Each structure stands twice: as structure tokens, then as C-alpha cells.
Amino acid sequence: MTITAFRRTYDKNTWAETKVESATVTTDAKTGIGRATLKLTKGGSYILRAEGKDTRGETVTAEATVQVSDDEDATRLRIFSDRENYKVGDAITLDIHSRVEDSLKTASAKSPENSGERNSAAASSPFIAVLMCEGEGVFEYRTVTLKPGHNSIELPIGHNHFPNFKLSTAVMTGGRFHQASRDFTVERELNVAVKPRQATAHPRDELLVDLIVTDQMGKPVQGEIGIAMIDGALLAQYPDTTPKIVPFFQSTARRSANSRTESSCIFRYQPATTSMVTEILDFDAVVSTIDRGLAARGTIVPNYPVDEAFGSQTAQLEGMVQSLGYVGTRPNAAEPVESQEYDMSADGLADMDEEGSAFDNSPNVSSSVALSTRHTSVFRRGFISPEMKEGRGRSAGINIRPGSPNAQTGGLGGGKFLQGGGFGGGGGGGDGGGLYGDDRKDAAGQTLWFSLESAPETLGREAYKQQFQSRLFEASQSWFKSGTIDNRVIDKNLGDAVRSAPDRTYYPEVAYWNPHVVTDAAGKATITIVLPDTSTTWKIVARGATKETVVGEGSADVLSKNDFLVEWTTPPTLIEGDKFTPRGQVHCLAPFSGTIKLRYEAQRANGEPVADGEKTIEAKSSGVFDVDFDPIDVPSTEKLSLTLTAEAVADAKGASNTTPTPKPSPIEGDEAGGGAGQSPNHQIAKSPNLSDSLTLAIPVQSWGLRIESHVAGVAKDSDFVEIELPALPGGEAYHDTRLVVALGSSMQRWLIEEALETGGRWTYIDSSLKGWRSTPPRTHADTAAVLLGALYAGDYVSSNAAAQDPKQTADRALLDERVAGLIGQLLAAQRDDGGWAWCGTGGESDPWTSASIAWSLGKAKYNNHPLAAEPLNKLRAYLQKTFADAPIHQTELKAVVLHGLSWIDDIDFGHANRLYRNREDLSTAGLAHLALTFVKLDRKPLAAELLEQLARKSKQITRGMQTLCEIDATHNSAWMRSELEVTALALLGAVAD
């Protein structure tokens, strides 16, 4: 193929290409790479265009743009580098090419006196340039000397260059300003190597895990690592979804380097001159005039001390400014006050002179703050200076003490002086006190970890909160620096806890977790983990960061297995009176030849022995051995405890006395290679007598079927209740019996109280709501639900056999009155389109709320409560339009709207039938509402089928001692996600069916 260079030129608003040079290039048959050399002698913009033929003879082209700079280039300063992406720790070798000339010298060289000559000094003189690294601002700069041509400069890359920066340089020569810039991307990453000393270990062994932390350049760094050891079986079931730490923190990290570099040296301004009043130059005369004017108005001009560094005029000028706005007046201003100084805290200002007179710790401190120009650290309200924060070597809290009697009132500190640091409101207090070395004690006489100067009522809640957070942060920093969190202590405490657990009882899914493992200066740390009893593959995950916020992670796997263990192979439960054969297994995974002795014991829940037995196995090699003991009768007990113990005794040809373990991988720089207390070729002694023990508790169920009987009623305090149980066949005795006595309102009374919102529960709810600052409003859907409750409670009262009782008649009257009031509330909130908003009268009509109201109003009309026809007609039209406009996939909304319409309109059976045919796609709420719709249409067989489908989607839950059943509402819309409501709808359909 050929590659051709075309020079691009711009003339008369048109770009043109001129062929400069062409070359033939042949690509490598394996790599497809070919190289050619083109000589471009003139500066400008070039297009490199490659052309070749493919296998079918078609012309294929590709092109790239390159910029060539020569002496005619208008850009006199350029920055070159071999690449744009670097890592922290790299060094960029910059090539700054300069064609900068001193314009004044160049102009002089071209003057008539030097016609035809070139000033070589102008062309070869070096220049001072500023080299800047910019992020959101300039964070690093230095001056360099640039000579004409190429200048090699090395720039080390640090953490302050991450994640990107712009390198710019600027030169000012004569009246011209030259600058160049280049953008760079910087990467960094923490490499966390997790190296277990053993790839395979036994349960209860000590596992040493080495952590080696290096940066992106492979250099060791100190970091804080969080490490966890997790059961691989758990991760197989529930994968770790934690995102990768480096992309999470760094993928979107980028700063905008948009600062602009300008020079004021190129600014020229030549205004027209005008005459001026020369008397203004006489500063002493002006000051004297102002002083006389202020004295005439009764304003005191303070006698400020003369500062040697700035002169008397500066001090007098500051006195003028303070007199004009920052100092109060006195009635007898005519009388001079000798050496009077004023409290600048009155306007939120405070000053500290070099000697610190305002914050002096001596008891005879002056009660004023002298304004001094020798130290210009004047801070406005809300800002705390470093000196004030440290409190001049005293306490770190806010301390206010009274000033002298002649101190003016008001302002910062209420006319009192601050000591110890920080601005705050008026009020007193003792010494601030530090976090440590504090003499304040709690009630038990223990030194407080940290304490606060003022209570929330004194300091203000927000200031109190900020002070508390600051103190807590300082305390945590002190803990970190003092090393009170010691990995060795944590590992020892955890290891001791694991060792103290009985054999075969410690089966955690997370065997180790430590969020605070700090590596040393060499980037190394070692932790000790006592492995649990689980035989599994453990995954060790480590994630961490450095103080420069460099993050990284690493992981490793460790296999934990027991060479000798026993297991029970039993059913999950037993039934009393059955015959049960205890069966155990022995897993011998190590090479072994000898005798295995097994013994088991069975005990009741109270520890009473039931049976025991022994067996012997002659093993010639490793393997899994099953053993059956003699059958036993399952006793009458809550659970049966089975303990299996096995001991293997090797014969003369059995296992060796020691089992070599894999040589641990020494960490870099660890000459011993074996970790603490171990040699590189250590061996773990193994006794030829292997043993293991396992205890298993199996629940025992009662013989026969579980039966229950319930009795309810109303009794007086003096009533006596006797319970008689029928005799069991064969004279068996009853056991596992339970009697539950519940005292409270009857079901009928409870339903009426719920409908009327009276009774103890509603009294508690009402008192709770009154304690809120703002009580949540009742929505129109809530009102519709309350109306339905009152209507169905009225049906319950009317169907009761004692409906003629005066008490029942009074309840029915209260319910009717409540129904009438709720109907009036709903009709008053109906919108013009016939629907109801979710709450209030604003916003759009909500179809879910409107459908619920249609059900309640339809039920009210069905119960012969008076209702006007117009509101129902408008509601009917709104719901019909909503049903027609609903998207085809919103089947739940269609079912809810159709159910509401069935109470106020003769709906088309075809609409319900279409939803029925797609019942597999309906949510549980949609199935419940559609079933109620078929009940209203008197299509009860279809309703029964939908209710059966709902029953299949029910689930059992346990609350206390009760096992309840409810219908899952997880996949319902947000409006119908209450499982209690969906279950109630299904029960209502079942009762009506």
C-alpha cells in the first residue's frame, strides 16, 4: 500500500491539499504492521493518507492528521511528551520546545542601522518561564530557564496530580506573552496481596495470613485494610455484589482544569492627565480636619498606639475608620478619656497581637482588645483562627470570663473575653478541658473520654452537635495514633473464643472480620485466624486505603478440611413410639490402617439416658464407613440427643507419626519465611490415634395428629372453669398440652369499635398523633376504607341473633350516623371530572382512589343509604373512561376499576372474562378484586377458581406462638402492596362465595 502526505492550506475561505511526499509500505504478514519514513520540511497541518487493496480488489483508505512546526510557526512555545497517561510515582520527561524571541531585541535587529543582519542574541537568549500544574486551580509551580530549541525537564508525579492535571508554561518577553499547555491523566492503585501461609489447613488450626500492600509502582506503602474470611458455600449461594473498589472511587474522578493564564504586562493604558487639588496630599492636615469634625459631633477618637512598621499615619487612619463605624459614643464626649481602648468584639471582630494580650492566661488580663497593625489576623464572626483553636497552649474549648468594669457591653461574648479558642455567644464557663488528661470524672469516678463545655440549652443545639462531632473525631484520631486498636489483641481474643468452643460447634459463615488492619512501613501485616469447624473453601477478601486515599483490594482462597470426622445420618424429626435405628458415618480422608472404635449415647431433653452402644471397624485404607447401631424405641420427649464418638488406633502399618504440612510461602523480606514462631520447614505433629465427636438433637413429635379446641365467651370474675380431657387408648398419658387464655373484647365488640374508631386502640393512636408536630392528613382512600368498614360492621350487627338488643340498636344507630357523615365528606371532595384526588382537592383525579370510593358509595346505596344520582353518574363516566384508556399491561388497575364499577353500574361480563383468561398474569390484588367482581356478577364458580389460585400464593408466617397465613403481595403495585389488605379481600370473597 502507499502512504502520502498532503499539506493543508487555507486560502480565500477554502481549504486545499497539496501532495508533498509519498512512500510505499509493506505490512507484516503476521502482525499487519508496516512502517515508512516521510520527510516533511515545511511547517503546517498535514494529512497522512494510506491506500491499499483488499482481497477483492476494493480500495481501502485511512488517514490521520499531524501538525509540523517550523520557524514560521506562529506558536512559539510547545510541550511534548512520549505519552499522556502516567502513574503516581512516575516522572514525566517533558520536552518544551521554544522559539520565543525578545520582540524588542528582534525589532532592534531589524532596524535600518542593522539592516540585513540578525541579532543572534535575540534568537539565542534564554528566558525565565513559569511551569504550572493546574487542577481546579494552580497547585504546583516553579520557574525554569528555557533556551531556544528543545528543553528537557523532568516532572515527578505525586498524589496531588491525581486524577488528571493540566501542565502549562508561560513566558513573558518584551511586550508579548507566550503560553502552552498539555493535559495528562494520572492513575494510581493500591495492590493488596493476600498470602495465606497454608493453602490447606484443618479446623481449629491457626492460619497465618500475610498482607502485602504496594502502590501502583510496586513500592511498599502503609495502609489500613479491612479483611474478612467468608465461607465459599455462602458466596456460591449469595454472590458478593460489592463493586470493585478502584473503579467505584476512581472511574468518575476527574477535575476540570479550566483556569486561564493572562499577563498584566501586556496591558497598556494612557489616560488624559488632569489637574488635582494638591492640598489632599497633606495627610496630617486631613486627619486633623476629620478629628475636629468628629469631636464637634461628640464622637470619641481613640488614641491608638503608633506602630513603628507602618508609621503614625497608618495608626491614625485606622482610628478614623473605627471612629466612623465601629466604636460607640459617650454622652460626655467633650471630656477626654485617657488611654481608653475599646472592645472590638462588639461588631464580630477580634484581634490578636504578637504578644497575645487579648488571650493572655494571666488573671490580670486587660479587659479590652487593642487593635494592632503589627499582626493583621483579624477574623470575622464564625471563623476560628489556628491560634484561637489551640487556645494559646491552654484548653481547646470555649471559655468566657468577665472583663474589667470599664469594658463595653454587647457583641461577641456578651462583653466578655474569649479564652481557649472559638467564637460563641454570651455565657460563662470554666476551663475548656481537653480530650485526655481531663480532670473531670463521671459518677463512678472514671475519667471522661471526652466532655463538652456547655449543655444544649446553653450552647444551642446545632453548636452542641457540631462540638460533639468534633470531639468524637478528635478522640478517634487519638485512638488511631496511640495504637489502642491492636490487631494482635483482636486476633488473640477471637482465637481464644474459638478455642474455648466445644468441638464441632463453631460453624460461622463469616469466620473473621477486622476493619482495621494497619500495615507497617514495609507494607506488611500478619493476622492470625483460628479456623472454624467447617470443612469448606474459605475466601479471604481484603479491601483498604492509604492516607492519600489510594484504594485497592485482593483475595485468596484457603481450603479447610478435617482428615477424620463423624456424622449422623438421621431423619430430621422422630415420632414417639417408633423404632429408630441410629446410623453414623466415619470419614477417614488421611492414609490410615487400623481399628476405629465408635460409641453412641441417646438421651432425653432432660439428660436422662435412653440407650447406648458400641461398634468397631477394621479399616485397611482411607474412606467413608457407615455403621448401624441397635434399634431403639423413640421415647416421649421434646427432643432426642445423640452423641457419636469415634477413635481410630493405627496398627503397625498405619499412618506415620508426623504429617508434613506444605511449606509456607515466605513474604518478601522475611528471611525466616515461616512467620512468627515457625521455621521454614516446620511440621505439625499428628497423633496416630485420630478421634472426633458429634452431638445432634432431633425433635420428637407426639404420636397421632395435633388437635386443637377453642372456646370463647363472657364470664364474671368469680366464674370457675373446669377442663376435662377424654381418656387416651391404652391408658396413655397426655403430654405436650397447652392452654391459652386470652382476655379482651369479643369479636363483635371489637369490630364495632374498629368501625367507629373508638376503644382502647384508637385512644392510643389518637394520643400518639397529638404528640406529633404535624399529623398526617387522612386521604380520600382512607375515608373510603373507613366507610366500607362501617357499612360491613352494620351488616354484621344486623345479622346477629341479638339484633333486637337495645345495645345492638344503639350501635347500629351510631354506625348509620357515621356512614352519613363519611358520605358527605366524600361527596364534598368530588372533582369536576367525576373522580377524586388522592388527598385534598388539588391535583389530578386518581383512578385507584376513585375506584375505592365507587365501591364504598355503591355499598352504601346497596344498604339503602340515601345518595344523589348525579355524583354516581359522574363517577361512572370517569371510571369507564379510565378503564378504556388504561394500557393493556396494567391488568391490576383494570381489575380494581372494574370492581368499583360493578357496584355502581351494570358492567359488561366480557371485560371481566378477558381479565379472567389472563389470570396467570394478574397480581394477587388483581385476582382478589376480580374474584369480588365475579361475586357481584353472580358468577361464583369463576370467583371460586380465582380464590383457589390466591390460596396457592399464600404463605405461612409465625408471630409469637401463632402460625398465621397471609397472601403474598410482593409483586403488586405500590397501591396494593399490603399483604393484610389482599388477604382480607380474599377472605371477603370467600365469605360472599
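Residues numbered from 1 in each chain as written. Predicted model: local features only at pLDDT ≥ 70, side-chain atom pairs only at ≥ 80, totals over all residues. Heavy atoms only, no water.

1. Side note on the pairing of strand E3 (residues 44-53)
Within a regular beta strand, the side chains point alternately toward one face of the sheet and then the other, so they alternate between its two faces.
Turning to step 1, where the next piece is worked out: For E3, a buried count of 7 out of 10 residues is recorded, marking the element as mostly surrounded by other parts of the structure.
Turning to step 2, where the next piece is worked out: Bridging between strand E1 (residues 2-11) and E3 involves 7 bridges; their strand directions are antiparallel. Each bridged residue has a counterpart across the sheet, and for Thr4 the counterpart in E3 is Arg49.
Turning to step 3, where the next piece is worked out: One ladder, built from 10 bridges, connects E3 with strand E4 (residues 59-68); its direction is antiparallel. Bridge pairing in E4 links Gly44 to Val68.
Turning to step 4, where the next piece is worked out: In this antiparallel pair of consecutive strands, E3 and E4, the connection spans 5 residues, and Gly57 shows a positive phi of 85°. (Buried < 20%, exposed > 50% of the residue type's maximum accessible area, 1.4 Å probe, protein only. Helix = DSSP H or I, 4+ residues; strand = E, 2+ residues; numbered from the N terminus. Pairing = 2+ DSSP bridges.)

2. Focus: the sheet that holds E1
Turning to step 1, where the next piece is worked out: If you walk across this open sheet you meet the 4 strands as E2-E1-E3-E4, and the pairing is antiparallel. The open sheet terminates on both sides in strands that have one partner only, identified here as strand E2 (14-24) and E4. The mean inter-strand angle of the sheet, taken between neighbouring strand axes irrespective of direction, is 25°. (Axes fitted to C-alpha atoms, helices over the stretch in contact; angles between N-to-C directions.)

3. As for the environment of Pro571
Turning to step 1, where the next piece is worked out: Looking at the secondary structure, you find Pro571 in the loop between strand E23 (564-568) and strand E24 (574-575).
Turning to step 2, where the next piece is worked out: Residue Pro571 is classed as partly exposed on the basis of its relative accessible area of 36%.
Turning to step 3, where the next piece is worked out: Separated by 127 residues in the primary sequence, Pro571 and Ile698 have C-alpha atoms spaced 8.1 Å apart.
Turning to step 4, where the next piece is worked out: Residues contacting Pro571, with those up to four places away along its chain left out, are Phe580 and Ile698. (Contact = heavy atoms within 4.5 Å.)

4. Side note on the environment of Phe629
Turning to step 1, where the next piece is worked out: Here Phe629 shows up in the loop between strand E29 (623-628) and strand E30 (632-633).
Turning to step 2, where the next piece is worked out: The contacts of Phe629, once residues within four sequence positions are left out, are Trp568, Thr581, Pro582, Leu598, Tyr600, Gly613, Glu614, Lys615 and Leu644.

5. Here we look at the nonpolar core
Turning to step 1, where the next piece is worked out: Within the largest apolar cluster, 63 residues are counted, with the highest numbers of intra-cluster contacts made by Leu787, Leu857, Leu879, Leu930 and Phe934.
Turning to step 2, where the next piece is worked out: What Leu787 contacts, discounting residues up to four positions off in sequence, is Val819, Leu822, Ile823, Leu826, Ser856 and Leu857.
Turning to step 3, where the next piece is worked out: In this structure, Cys588, Ala611, Val627 and Leu644 belong to the second largest nonpolar core, which totals 28 residues. (Core = buried A, V, L, I, M, F, W, Y, C linked by side-chain atoms within 4.5 Å.)

6. A few points about the confidence of the model for the chain
Turning to step 1, where the next piece is worked out: On average, residues of the chain carry a pLDDT of 74, and 69% of them reach 70 or more.
Turning to step 2, where the next piece is worked out: The element-level mean pLDDT for the chain is lowest in strand E18 (residues 417-419), coming to 28, with strand E13 (residues 191-196) highest at 95.
Turning to step 3, where the next piece is worked out: Every residue in residues 115-122 is under pLDDT 50, and counting partners more than four places away or in other chains gives 10 contacts.
Turning to step 4, where the next piece is worked out: Below pLDDT 50 for its whole length, residues 320-442 participates in 220 contacts with residues either more than four positions away or in separate chains. (pLDDT = per-residue confidence, 0-100.)

7. As for the packing of aromatic side chains
Aromatic ring pairs are reported here in terms of the distance separating the ring centres and the angle at which the planes meet.
Turning to step 1, where the next piece is worked out: Within this structure, the stated rule accounts for 10 aromatic pairs.
Turning to step 2, where the next piece is worked out: Considering the side-chain rings of Trp568 and Phe629, the 6.4 Å spacing of their centres and the 55° angle between planes classify their relative orientation as tilted. Residue Trp568 is located in strand E23, and its partner Phe629 is located in the loop between E29 and E30; the two are separated by 61 residues in the primary sequence.
Turning to step 3, where the next piece is worked out: Of the residues examined, Phe629 reaches a relative accessible area of 3% and is grouped as buried. (Phe/Tyr/Trp six-rings, centres within 6.5 Å; stacked < 30°, edge-to-face > 60°.)

8. Things to note about helix H21 (residues 979-992)
Turning to step 1, where the next piece is worked out: The end-to-end C-alpha separation of H21 is 20 Å, in line with the 20 Å expected for 14 residues at 1.5 Å each.
Turning to step 2, where the next piece is worked out: Listed as buried for H21 are Glu979, Val982, Thr983, Leu985, Ala986 and Gly989. Relative to the axis of H21, the buried residues are bounded by an arc of 155° and lie together on one face. Facing away from the buried side of H21, by more than 90 degrees, are the exposed residues Leu980, Leu987 and Val991. (Expected span 1.5 Å × (residues − 1). Arc of directions from axis to C-beta.)

9. Structural notes on the side chain of Thr783
Turning to step 1, where the next piece is worked out: Structurally, the position occupied by Thr783 is in helix H13 (residues 780-799).
Turning to step 2, where the next piece is worked out: Beyond its immediate sequence surroundings of up to four residues, Thr783 is in contact with Arg778, Leu822, Gln825 and Leu826.

10. Concerning the packing of helix H17 (residues 891-902) against helix H19 (residues 924-936)
Turning to step 1, where the next piece is worked out: Close contact between H17 and H19 brings their axes to 8 Å; oriented N to C, the two are set at 25°. Between H17 and H19, the interaxial angle falls into the category roughly parallel. Handedness of the crossing formed by H17 with H19: left-handed. Residue-level contacts link Glu892, Ala895, Val896, Leu898, His899 and Ser902 of H17 to Ala925, Gly926, His929, Leu930, Leu932, Thr933 and Lys936 of H19. (Parallel < 35°, antiparallel > 145°, perpendicular 65-115°, else oblique. Left-handed = near helix turned anticlockwise from the far one by under 90°.)

11. Considering unusual backbone geometry
Turning to step 1, where the next piece is worked out: A cis amide bond links Phe162 with the next residue in sequence, Pro163, at an omega value of 0°.
Turning to step 2, where the next piece is worked out: The residue Pro163 is located in the loop between strand E10 (149-156) and strand E11 (164-173) in this model.
Turning to step 3, where the next piece is worked out: At Arg204, a position not held by glycine, the phi torsion is positive, near 70°.
Turning to step 4, where the next piece is worked out: Here Arg204 is to be found in the loop between strand E14 (200-201) and strand E15 (206-214).
Turning to step 5, where the next piece is worked out: The backbone of Thr549 sits at a positive phi, close to 65°, despite the residue not being glycine.
Turning to step 6, where the next piece is worked out: Turning to its location among the elements, Thr549 is positioned in the loop between strand E21 (536-545) and strand E22 (551-560).

12. Comments concerning the sheet that holds strand E20 (residues 524-530)
Turning to step 1, where the next piece is worked out: Spatially, the 3 strands line up as an open sheet ordered E13-E15-E20, and their pairing is antiparallel. Either end of the sheet is taken by a strand with one partner, and the two such strands are E13 and E20. Between one strand and the next, the sheet's axes are offset by a mean angle of 20°, whatever the strand orientation.
Turning to step 2, where the next piece is worked out: Where E15 lies against E20, 7 bridges are found, and the strand directions are antiparallel. Its bridge partner lying in E20, Ile212 is registered against Lys524.

13. Overview of the environment of Arg959
Turning to step 1, where the next piece is worked out: Mapped onto the secondary structure, Arg959 falls in strand E35 (residues 954-959).
Turning to step 2, where the next piece is worked out: What makes Arg959 exposed here is its relative accessible area of 52%.
Turning to step 3, where the next piece is worked out: Ignoring any residue separated from it by four or fewer positions in sequence, one finds Arg959 in contact with Leu964 and Glu966.

14. A few points about the pattern of salt bridges
Turning to step 1, where the next piece is worked out: This model, assessed by the stated rule, comprises 28 salt bridges.
Turning to step 2, where the next piece is worked out: A salt bridge links Asp90 to Arg83, with the shortest nitrogen-to-oxygen separation between them at 3.4 Å.
Turning to step 3, where the next piece is worked out: Residue classification places Arg83 among the partly exposed positions, given a relative accessible area of 37%.
Turning to step 4, where the next piece is worked out: A salt bridge links Arg583 to Asp628; its shortest N-O distance comes to 2.5 Å. Here Arg583, found in strand E26 (residues 583-588), pairs with Asp628, found in strand E29; they are 45 residues apart in sequence, far enough to count as distant.
Turning to step 5, where the next piece is worked out: Taken together, the shared-partner salt bridges connect Arg599, Glu601, Asp612 and Glu614 into one network. (Salt bridge = Lys/Arg side-chain N within 4 Å of Asp/Glu carboxyl O.)

15. Remarks on the packing of helix H16 (residues 869-885) against H17
Helices that pack against each other are described as a pair by the angle of their axes relative to one another and the distance between those axes.
Turning to step 1, where the next piece is worked out: The interhelical angle for the contact between H16 and H17, taken along N-to-C directions, is 155°, at an axis separation of 10 Å. Between H16 and H17, the crossing angle belongs to the class labelled roughly antiparallel. Remark: the crossing between H16 and H17 carries left-handed chirality. Between H16, through Arg876, Leu879, Gln880, Thr882 and Phe883, and H17, the contact on the second element is made entirely by Lys894, Val897, Leu898 and Leu901.
Turning to step 2, where the next piece is worked out: When its residues are assigned to classes, the contact of H16 with H17 shows 5 nonpolar, 2 polar and 2 charged. (Nonpolar A, V, L, I, M, F, W, Y, C, P; charged D, E, K, R; others polar.)

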